[in-house]
Amino acid sequence: MNSKDYWEKRRTEDKKRSINLTEEYINTELKDSYEKALDEIRKEVEELYKSLADSENISLNEVRKKLSNLEFKKIDFKKMAEKAAKENLKLKEVGEISKEALELIEKTSKDFENLLKLYSKKGYITHLEVMQLNIERIVMELKNREQISIQAFLLDNYRDGYFRGIYNTQKGFGIAFDFTAPSIEDIKIAVATNWSGRHFSRAIWGSGKNLIKDIKDAIITGTIRGEGIDKMAKRITDRVNVSASNARRLVRTETARIHEKSTIDSYRECGASKYQFLATLDRKTSTICRDNDLEVFDCEDAKEGVNMPPLHPNCRSTTIPYFDSKAVTKRAARNADGKYITVPSNLSYKEWYNSLSEDEKGKMSLLNKKDKNKTKDREAYEYYKNILGKDMPSLNKFLQSKYGDDTLVKEIRKQVHDIKHAPLKVEDSQFGRKGGKHIREFGLDVKKAEDRKYYKELMFDVRKTYQIRKIGAWQGQDDDAVMYLKDDKLLVTQRDGTFISLFCSTMHKGVWKEVKDNERFKNARRF
């Protein structure tokens, strides 16, 4: 059987199987590794903040001084080194792992041990340095585990692709024949070098070094700015999430490479001398894959990233064995509405796309634009919703307006702009019993004109030079109120800037009450 329909169907099914296995791995094992590492890093940050727990009212210089002092004899450098070495020893005992991966695990372990020795000889160490050492160890362990885990997954993927390719070829020809199974060393070599030519293990550890630097930068920046633990944790989480996203992309791309390489190897083993490049006929296909669609290449000349998929990260193209047949069968294509249709098998991507109506091309272009902006659109929506709260329409309506009639989006942007830039409005009539009560918290007398003037000046100062701005429910207000915090002062206004209240931290029944601990302020949304 040399029907192109058969080969395309088999390869499409195998490709889907490989993709499904990849997503399952990403959403279980890889995800769990990053979540575990992130939890450990968060605990390190919490320890740093615990060291400052009794110092909430000290100056920034005092905070820095406190961070610089740590009892050196309490640090067990030997125990830290032993813990890291023990973890790496477990990884090295894993069976199917490349020589270079083993060497890199050994090197990272030795580098960390040398770093600990360097600190132990200094005779002093800061809180920040201890936390950074622990974070370096956590990331080192994460990336070493990632190397082992991904390599094991790719080895299995190669075997699966190779034997499925042999099986499909035998079934296609209706003939059973002997074949040679690849050795484990051959598979390790196939897995070792990624699609861009860089050694796989080095690519992973390179991303680990970047993650360590990003987390350290985030911690130093947050400390200098005097950020709270929530903001610091978010800053670090964002850095880890970027690394996790890069790891997901790498796994998807490397799995595609291994799957295609194992298939080409199975073609060779079965005696096929040529293969045909097969791109996906839909709007998402890249330009380079469109250009290579239906091109025929010699198996001996197959080169990853040049004439054999993947040609780029997240590549969806594949190959089929080539038979010099004039018979025209069918292949699948997908319209802008997502529905599949069949077209002649000898119709290339360019020919298929050029046959579409201008309306269909326009729909595809708009959908591609939405796909490209998906993350930014979601971030923009969450930002607006954070400010407008219940007044924010649904995500679907927001997107419909952005990519259609933009009246609603313009209205949303105007509302947000007006809230952010609303001038403070204060009337003398507002200095009644409530105003008087809060003025007294500042040691002022509402009856004195100069005190009322000073109180107003405080309002405008907080409004102009606030440190934290939030929006949320406030007692006695139908709509959300805007809150501005500066040091120990909290200003509350309506969304249009109309003054509601200004009060400060104060002693109440022998207990010092911080304005930042106000429940309504704590529950409000920061923007």
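Anything mentioned here points back to the structure above.
The paragraphs below set out a description of the structure included in this document. (Residues numbered from 1 in each chain as written. Predicted model: local features only at pLDDT ≥ 70, side-chain atom pairs only at ≥ 80, totals over all residues. Heavy atoms only, no water.)

**A word on the environment of Asp-461**
Reasoning step 1: Here Asp-461 is to be found in helix H16 (residues 449–465).
Reasoning step 2: For Asp-461, a relative accessible area of 29% corresponds to the partly exposed category.
Reasoning step 3: Residues Asp-461 and Leu-491, 30 residues apart in the sequence, show an inter-C-alpha distance of 9.9 Å.
Reasoning step 4: In contact with Asp-461, other than residues within four places in its own chain, are Tyr-466 and Lys-486. (Helix = DSSP H or I, 4+ residues; strand = E, 2+ residues; numbered from the N terminus. Buried < 20%, exposed > 50% of the residue type's maximum accessible area, 1.4 Å probe, protein only. Contact = heavy atoms within 4.5 Å.)

**What to know about unusual backbone geometry**
Reasoning step 1: Following Pro-309, the chain continues into Pro-310 via a peptide bond in cis, with omega recorded as 0 degrees.
Reasoning step 2: The backbone of Asp-487 shows a phi angle near 55 degrees, a positive value even though the residue is not glycine.
Reasoning step 3: Here Asp-487 lies in the loop between strand E7 (481–486) and strand E8 (489–493).

**A closer look at helix H12 (residues 374–388)**
Reasoning step 1: The end-to-end C-alpha distance of H12, which contains 15 residues, comes to 21 Å, matching closely the 21 Å that a straight helix rising 1.5 Å per residue would cover.
Reasoning step 2: Asp-377, Tyr-381, Tyr-384, Ile-387 and Leu-388 are the residues of H12 that are buried. Looking straight down H12, one finds that the buried residues subtend no more than 130 degrees of arc, so they occupy a single side. Opposite the buried face of H12, by more than 90 degrees, sit the exposed residues Thr-375 and Glu-379.
Reasoning step 3: In this fold, the buried residues of H12 make contact with helix H13 (395–402), helix H14 (407–420), strand E6 (468–472) and strand E12 (525–526).
Reasoning step 4: A positive phi of about 60 degrees marks Gly-389, the residue just after H12. (Expected span 1.5 Å × (residues − 1). Arc of directions from axis to C-beta.)

**A few points about the packing of aromatic side chains**
Reasoning step 1: Under the defined criterion, the tally for this structure stands at 12 aromatic pairs.
Reasoning step 2: Between Phe-442 and Tyr-455, the ring centres sit 5.7 Å apart and the planes meet at 65 degrees, which makes this aromatic pair edge-to-face. Placement of Phe-442 in the loop between helix H15 (433–441) and H16 and of Tyr-455 in helix H16 is noted, with a sequence separation of 13 residues between them.
Reasoning step 3: The structure contains a cluster of three or more aromatic residues connected by ring pairs, namely Tyr-381, Tyr-383, Tyr-384 and Phe-398.
Reasoning step 4: A cation sits over an aromatic face here: Arg-290 above Tyr-353, 5.5 Å from the ring centre.
Reasoning step 5: Its guanidinium or amino end placed over the ring of Phe-521, Lys-470 lies 4.6 Å from that ring's centre, counting from NZ or CZ. (Phe/Tyr/Trp six-rings, centres within 6.5 Å; stacked < 30°, edge-to-face > 60°. Lys NZ or Arg CZ within 6 Å of the ring centre and 35° of its normal.)

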